[in-house]
Amino acid sequence: MRFNGIAIWGFLRNAHGGEDYAYEVARYAADRGVAIMPGLGTTGYGGIYYEGRHPYNLETYLAGNPRRGNMNKQGQYSVHEITPHHPANQTWIREGVEWLYRNFPIGGANMENSDYMVDYSPAGRRGRARIRSGEADYFKDQFFAYKTALETAHVLAPEKWNVYATYSGFDTAAASHTQP
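Residues numbered from 1 in each chain as written. Predicted model: local features only at pLDDT ≥ 70, side-chain atom pairs only at ≥ 80, totals over all residues. Heavy atoms only, no water.

### Re the packing of aromatic side chains
Aromatic ring pairs are defined here through the distance separating the ring centres and the angle between the ring planes.
So, step 1. Per the counting criterion, the structure on display carries 10 aromatic pairs.
So, step 2. Ring geometry for Tyr61 versus Trp92: centroids 4.6 Å apart, planes at 20 degrees, classification stacked. In this pair, Tyr61 is assigned in helix α2 (residues 58-64) and Trp92 in helix α3 (residues 87-103), connecting sequence segments 31 residues apart. The two residues Tyr61 and Trp92 agree in class, both being buried.
So, step 3. With 5.4 Å between their ring centres and 75 degrees between their planes, Trp99 and Phe104 make a pair best called edge-to-face. (Phe/Tyr/Trp six-rings, centres within 6.5 Å; stacked < 30°, edge-to-face > 60°. Helix = DSSP H or I, 4+ residues; strand = E, 2+ residues; numbered from the N terminus. Buried < 20%, exposed > 50% of the residue type's maximum accessible area, 1.4 Å probe, protein only.)

Next comes the structure, spelled out in structure tokens:
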């Protein structure tokens, strides 16, 4: 097909054979000059291990750490999203990215967090307050959500393709989206 890279969401999932099959797919692609960029959820989308009981699956992590979930306006913790402001979550993200790069011959990662996610915890409010800009709160939380993952990936593999979604378009209507 003459392409040299592909993002694969669900790259690491039990239904597709887990780690063993993911490794084989990545090795096969790397041997042919194709960069596999697994989907990597920083604060949502299943985490690093998209689906299945695994230390780097987000739901598995939150089952053992429910108060590390993203807090909504009503003060309830999410079971599908983590807050980017909790130090232990940043450690989990860093260690997960390290695990991914050290165990699979990948060509980078396609990183995302939950669309327009805003953490309403006291730590989230304090973190956003330190960013002096007119940007929407979800843009500020994106900074915290991507920062650790991108820094870790860059240290381990600066030559790899690490891309991320900003959830904004190329026009002013998309960029001025109001928070839900």
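### Overview of the sheet that holds strand β2 (residues 35-41)
Backbone-to-backbone hydrogen bonds pair the strands of a sheet. The strands run either parallel or antiparallel.
So, step 1. Within the open sheet, the four strands sit side by side as β1-β2-β5-β6. Their pairing is parallel. Here the strands that pair on one side only, and so sit at the sheet edges, are β1 (5-8) and β6 (161-164). Put simply, the sheet's adjacent strands are angled 20 degrees from each other on average, direction ignored.
So, step 2. Running at roughly 175 degrees to strand β5 (residues 108-112), helix α5 (residues 137-156) makes contact with β5 and β6 of the sheet. (Pairing = 2+ DSSP bridges. Axes fitted to C-alpha atoms, helices over the stretch in contact; angles between N-to-C directions. Contact = heavy atoms within 4.5 Å.)

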